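# Residue-level structure breakdown
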Amino acid sequence: MKTLIEAYTEAEEDFAQALKISPMNLRAKYQKLINDTKLGNKQNNSERVKQALTSFEEYYDTCKEDIYYALAITSVGN
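Here the structure is a predicted model, which is why all the values come from computation and not from measurement.

Let us look at the packing of aromatic side chains. Across all of its chains, the model carries three aromatic pairs by this definition. Relative to Phe-56, the ring of Tyr-30 lies with its centre 5.8 Å away and its plane at 55°, an arrangement referred to as tilted. Of the two residues, Tyr-30 sits in helix α2 (residues 23-42) while Phe-56 sits in helix α3 (residues 46-75), which places them 26 residues apart along the sequence. On the basis of relative accessibility, which here comes to 27%, the residue Phe-56 falls in the partly exposed class. An angle of 40° between the planes, with centres 5.9 Å apart, marks the rings of Phe-56 and Tyr-59 as tilted. Of the two residues, Phe-56 and Tyr-59 both sit in helix α3, three residues apart, roughly one turn of that helix. Counting every residue linked through ring pairs, the aromatic cluster contains Tyr-30, Phe-56 and Tyr-59.

Here it is in structure tokens:
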């Protein structure tokens, strides 16, 4: 019973997190990274470009995980 309650609680928290994923938020973060890269390039600041690209890779990985996660959670009821 304890395991069942813990699993339910964890699933409920996960579902709430998945619902927070917003395409507008993802787009805004993406645009900021693009702008940071362009600005770094314009300023000839290779360190800023490198940081923006690293951030973009992290962003991409997070988006991928969030999307798969949201799909998995929302498909459970179907």
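What follows covers the environment of Val-49. Residue placement: Val-49 occurs in helix α3. The spacing of Val-49 and Leu-39 is 10 residues in sequence and 8.1 Å in space, taken between C-alpha atoms. Filtering out sequence-adjacent residues up to four positions away, Val-49 remains in contact with Thr-37, Gly-40 and Asn-41.

On the surface, Glu-57, Glu-58, Asp-61 and Glu-65 cluster together into a negatively charged patch. With respect to the helices and strands, Asp-61 occurs in helix α3.

Scanning the model with the defined rule gives two salt bridges in all. With its nearest N and O atoms 2.7 Å apart, the salt bridge here joins Asp-36 to Lys-32. With Asp-36 and Lys-32 both in helix α2 and four residues apart, this pair spans about one turn of that helix. With relative accessibility at 19%, the residue Asp-36 sits in the buried group. The residue Arg-48 makes a salt bridge to Asp-36 at a minimum N-O spacing of 3.8 Å. With Arg-48 in helix α3 and Asp-36 in helix α2, this residue pair connects regions lying 12 residues apart in the sequence.

Cut-offs applied
Residues numbered from 1 in each chain as written. Predicted model: local features only at pLDDT ≥ 70, side-chain atom pairs only at ≥ 80, totals over all residues. Heavy atoms only, no water. Phe/Tyr/Trp six-rings, centres within 6.5 Å; stacked < 30°, edge-to-face > 60°. Helix = DSSP H or I, 4+ residues; strand = E, 2+ residues; numbered from the N terminus. Buried < 20%, exposed > 50% of the residue type's maximum accessible area, 1.4 Å probe, protein only. Contact = heavy atoms within 4.5 Å. Patch = residues over 30% accessible without salt bridge, like charges linked within 9 Å, V, L, I, M, F, W, Y side chains within 5 Å. Areas by Shrake-Rupley, 256 points an atom, 1.4 Å probe, with all protein chains shown as cover. Salt bridge = Lys/Arg side-chain N within 4 Å of Asp/Glu carboxyl O. Lys, Arg positive; Asp, Glu negative; His and termini not counted. Charge placed at Lys NZ, Arg CZ, Asp CG, Glu CD.

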